Amino acid sequence: MTETLEPTAASATDFVIAIVGGGPRCLGVLDSLCANVADLPAGDGKVVVHIFDPYPIGGGRVWRRDQPSLLWMNVPASGVTVFADETCRLAGRLRPGPTLAEWMADRRDTLLADPGLAEEVATATGDTFVSRGLQSEYLKWAYEHIVVTAPERLVTVPHQDVVVDIVDITSSDAGPAQLVRTASGHTVVADKVVLAQGHLDDELSTREQSYREFAAAHDLVYMPPAYTADCDADRVPGGENVIVSGLGLAFIDWMVLLGESRGGVFSAEPDGRLRYHPSGKEPVIYAGSRRGVPYHPKLTSPLRAARPPLPYFFDVPAVLDRHPDPRSADFTTELWPLACKEILYAHYHELFHGHPDLVAMEWGEFLKRLTPLDYGSTELAELVEQAIPAPRDRFDMAAIETPLAGVDLAGLDDTHQHITDFVRAHLARIDDPRCSVDSAVALGFFSVYDVCGQMLRARQLSPSTIVKDIDGWLHGLFSHVTSGPPPERLAQLTAMADAGVVVFLGGGLRVNADRKTGRFRAVSDTSDRDITARCLIDARLPPADITRTVDPLLRSLGERDEVNDSISGVSSGRILVDDRGRLVGADGRVHPDRWAAGPWVIGAGWAHAFPRPRQNAGFFRQNDALARGLLELPVPEARESVARQQ
């Protein structure tokens, strides 16, 4: 028999909201509820918010404290916040709070008294990429702060529990409601529900299951896609080959867990380079991917000129002017070239205004001639040659998309050295003032991504474009350029490459289970050797796929067709919501009282990662609109975004 939990200070007039998931998204929604509750009509009833998560509320699973201290964030402390500021265009009241860096400075004495954080905090500044454990403490404090400063009318009820189902019920007294059931047998009746579980796990795909079975049959080790902190790195054998598929952020985590965490030490050479001193417990990490190079380092150098006014060429009106019905447009040939022109504009705006000594033309003349030209045209190439004398200062999207294309590599040794030098060259650009254009390019990508989100919400793109081109291909390229690791991590990577602990296999990586040898085998487009190993690591997060999720709530909803991943017949793998963020069932009907937000959601645009301070971040705007929807308050018409999203 289940037990019904009565909310604190409950009454017949209380308005009950349930949030499933207690991580950063929950914090954002909760704070937005606090900011908007004052706009409710006067009355005696309270707004009672139940929060469900098996992990501590604030950090949730991904940002929990108990993970290796050598795993870092990929954003400096000054660039992380969970609190809106005066730049944010919100309908609700502003409830400001400290950034991670400000919080550290304000509470340094308290943090220095924590044995697990003292050493890190002693040297941390706003420019530091802090550990995820320290970020966890910030999120824990943020939750407590939001609760303590909440309006008297809003009450929070936490539950350290897993939600397994939500069913619609009808009460003769209160009308439609939803019954939230948990794994422990508790139930809560809610008026509104928000799904905010964050990153979820999947059942293994057919390929992954075959690898697991192959590994079991031949006494091998296979590590499927997973959040790295959840993996048992001790299973990976030292002193022998290991194949790692993927060169993104998960790869960097594995590099740390298999190197420095096993006793390897870095030292600085007289020329400034890092040197890696192996402990002897490391494996030899053979790593490759589709693109073949690691993510770009996280940019920390500022623009030298004013921020480019974006969007400029690629905004919704411009796209509609070029193609009145983008739903029938081909993304590759019609939409992406205009997006490339936008990013090119951001690059040259910074070059002309921040580095006038590097150009041979006035900005006004260049922009006048640039405006009518198509990206990729001969006329544009001629204009760029006239205006920018040095090829190294010219924008080159092809080099970003396919960095190894056209490079003559003789084999594995040549490939390894080329990629090592490639990473070092990218690191050198961070300290080169003329390369502030890289930061402008990142802004261009953010702007393009944001405009695509606006068009997605307005249903102005075809389903295949949304799923394949934007949620798939563009998201991958966007992450490659803007969501890379701290520069120090890539410096460490090159040191480990010099030491022979990491070997780059290059692009076009292909891995198979070789039944003749009973080993995993890897080959790439630029390697002249096959690499065999007893261990294979798929270094990536599980793909969003609600048809394979192990999340009990989504499985329950899916069995009743109350959650859907299909956009006009095209499967996205993600939870489909309408433009307000409400769940869409398999029959196309929108649930009026059930919302979803986060990385496993498609249909309401993107605002998944931590928002950056003073950027009018989409995270805050999305939470503000969601909170007002939950409270049944009018939501102002969406304003055109000028902010970049992380």
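The rules behind these values
Residues numbered from 1 in each chain as written. Predicted model: local features only at pLDDT ≥ 70, side-chain atom pairs only at ≥ 80, totals over all residues. Heavy atoms only, no water. Helix = DSSP H or I, 4+ residues; strand = E, 2+ residues; numbered from the N terminus. Buried < 20%, exposed > 50% of the residue type's maximum accessible area, 1.4 Å probe, protein only. Contact = heavy atoms within 4.5 Å. Salt bridge = Lys/Arg side-chain N within 4 Å of Asp/Glu carboxyl O. Pairing = 2+ DSSP bridges. Axes fitted to C-alpha atoms, helices over the stretch in contact; angles between N-to-C directions. Polar contact = N/O pair within 3.5 Å; in protein donor to acceptor, adjacent residues only side chain to side chain. Phe/Tyr/Trp six-rings, centres within 6.5 Å; stacked < 30°, edge-to-face > 60°. Lys NZ or Arg CZ within 6 Å of the ring centre and 35° of its normal. Core = buried A, V, L, I, M, F, W, Y, C linked by side-chain atoms within 4.5 Å. Arc of directions from axis to C-beta. pLDDT = per-residue confidence, 0-100.

(A) Up close: the environment of Lys 298. Along the polypeptide, Lys 298 turns up in the loop between strand 13 (284–288) and helix 8 (316–322). Taking the relative accessible area as the measure of exposure, Lys 298 reaches 4% and is therefore buried. Sequence spacing of Lys 298 and Ser 483 is 185 residues, and the spatial spacing of their C-alpha atoms is 6.5 Å. Those residues in contact with Lys 298, other than ones at most four positions away along the chain, are Asn 74, Val 75, Phe 129, Ile 430, Thr 482, Ser 483, Gly 484, Pro 485, Pro 486, Pro 487 and Arg 612.

(B) How the structure looks around the pattern of salt bridges. Applying the stated criterion across every chain, the model contains 40 salt bridges. Arg 534 is the salt-bridge partner of Glu 240, the closest N and O atoms lying 3.1 Å from each other. Of this pair, Glu 240 sits in the loop between strand 9 (221–223) and strand 10 (241–245) while Arg 534 sits in the loop between strand 17 (531–533) and strand 18 (535–538); the two residues are 294 residues apart in sequence, bridging distant segments of the chain. The partner of Arg 529 in a salt bridge is Asp 528, and the shortest N-O contact between them spans 3.8 Å. The class for Arg 529 is partly exposed, based on a relative accessible area of 38%. Using a relative accessible area of 53% as the deciding quantity, one classes Asp 528 as exposed.

(C) Representation of the sheet that holds strand 23 (residues 590–596). Ordered by their spatial adjacency, six strands build an open sheet running 4-3-2-8-23-22, and the pairing between neighbours is mixed. With one partner strand each, in any of the chains shown, strand 4 (154–159) and strand 22 (582–584) form the two edges of the open sheet. Averaged over all pairs of adjacent strands, the angle between strand axes in this sheet comes to 35°, irrespective of strand direction. Taken together, the four bridges between strand 2 (residues 15–20) and strand 8 (residues 192–195) define a ladder with parallel strand orientation. In the strand pairing of strand 8, Ile 17 is matched with Lys 192.

(D) The arrangement of the sheet that holds strand 17 in detail. Spatially, three strands are ordered 15-16-17 in an open sheet, and the strand pairing comes out antiparallel. Edge positions in the open sheet fall to strand 15 (510–514) and strand 17, since each of these has one partner strand only. Across the sheet, the axes of successive neighbouring strands diverge by a mean angle of 25°, strand direction being ignored. Direction of pairing for strand 15 relative to strand 16 (residues 519–523): antiparallel, over a ladder of five bridges. Of the residues in strand 16, the one forming a bridge with Val 511 is Ala 522. Relative to the sheet, helix 6 (residues 206–217) contacts strand 15 and strand 16, its axis offset from that of strand 15 by approximately 40°.

(E) Seen up close, the side chain of His 50. For His 50, the position within the fold is in strand 3 (residues 47–52). Polar contacts involving the side chain of His 50 include one to the side chain of His 159, which spans 2.7 Å.

(F) How the structure looks around the pairing of strand 8. Judged by which residues are buried, strand 8 turns out to be covered on both faces: Lys 192 and Val 194 on one side and Val 193 and Leu 195 on the other are all buried. Pairing geometry for strand 8 and strand 23, over three bridges, is parallel. Bridging across to strand 23, Val 193 finds its partner in Arg 594.

(G) Focus on the packing of aromatic side chains. What the rule picks out here adds up to 21 aromatic pairs. Relative to Phe 313, the ring of Tyr 312 lies with its centre 4.9 Å away and its plane at 85°, an arrangement referred to as edge-to-face. Plain terms: the ring middles of Phe 619 and Phe 620 are 5.5 Å apart, the flat faces sit at 85° to each other, and that makes the pair edge-to-face. Note on Phe 619: relative accessible area 4%, which makes it buried. A residue is classified by how much of its surface remains accessible, and Phe 620, at 6% relative accessible area, is buried. Three or more aromatic residues joined by ring pairs form one cluster here, namely Tyr 312, Phe 313, Tyr 345, Tyr 348, Phe 352, Trp 363 and Phe 366. It is Lys 341 that lies over the ring of Phe 313; its NZ or CZ is 4.3 Å from the centre.

(H) Representation of the nonpolar core in the model. Counting residues in each nonpolar core, the largest one holds 91 residues, and the members touching the most others are Leu 33, Leu 100, Met 104, Phe 251, Trp 254 and Ile 537. Look past the residues within four positions of Ile 537 in its chain and what remains in contact with it is Met 223, Val 236, Val 242, Ile 243, Val 244, Ser 245, Trp 254 and Leu 258. Core analysis: the next-biggest nonpolar cluster, separate from the first, contains 58 residues, Phe 313, Leu 351, Leu 380 and Met 455 among them.

(I) Up close: the environment of Ser 479. Mapped onto the elements of the fold, Ser 479 is located in helix 15 (residues 463–482). Ser 479 gets classed as buried once you look at its relative accessible area, which sits at 11%. For Ser 479, the residues in contact, after removing those within four places along its chain, are Tyr 295 and Gly 484.

(J) Representation of helix 11 (residues 378–387). Buried within helix 11 are the following residues: Leu 380, Leu 383, Val 384 and Ala 387. The buried residues of helix 11 occupy one face: seen down the axis, they fall within an arc of 95°. In this structure, helix 11 carries Thr 378 and Glu 385 as exposed residues pointing more than 90 degrees from its buried face. On its buried face, helix 11 sits against helix 9 (331–354) and helix 10 (363–370).

(K) Quick look at the confidence of the model for the chain. Per-residue confidence for the chain averages 92 on the pLDDT scale, and 95% of its residues sit at or above 70. Note on residues 1–10: pLDDT under 50 across the span, and 17 contacts to partners over four residues away in sequence or across chains. For residues 638–646, every residue scores under 50 in pLDDT, and the model assigns this stretch 37 contacts once sequence neighbours within four places are set aside.

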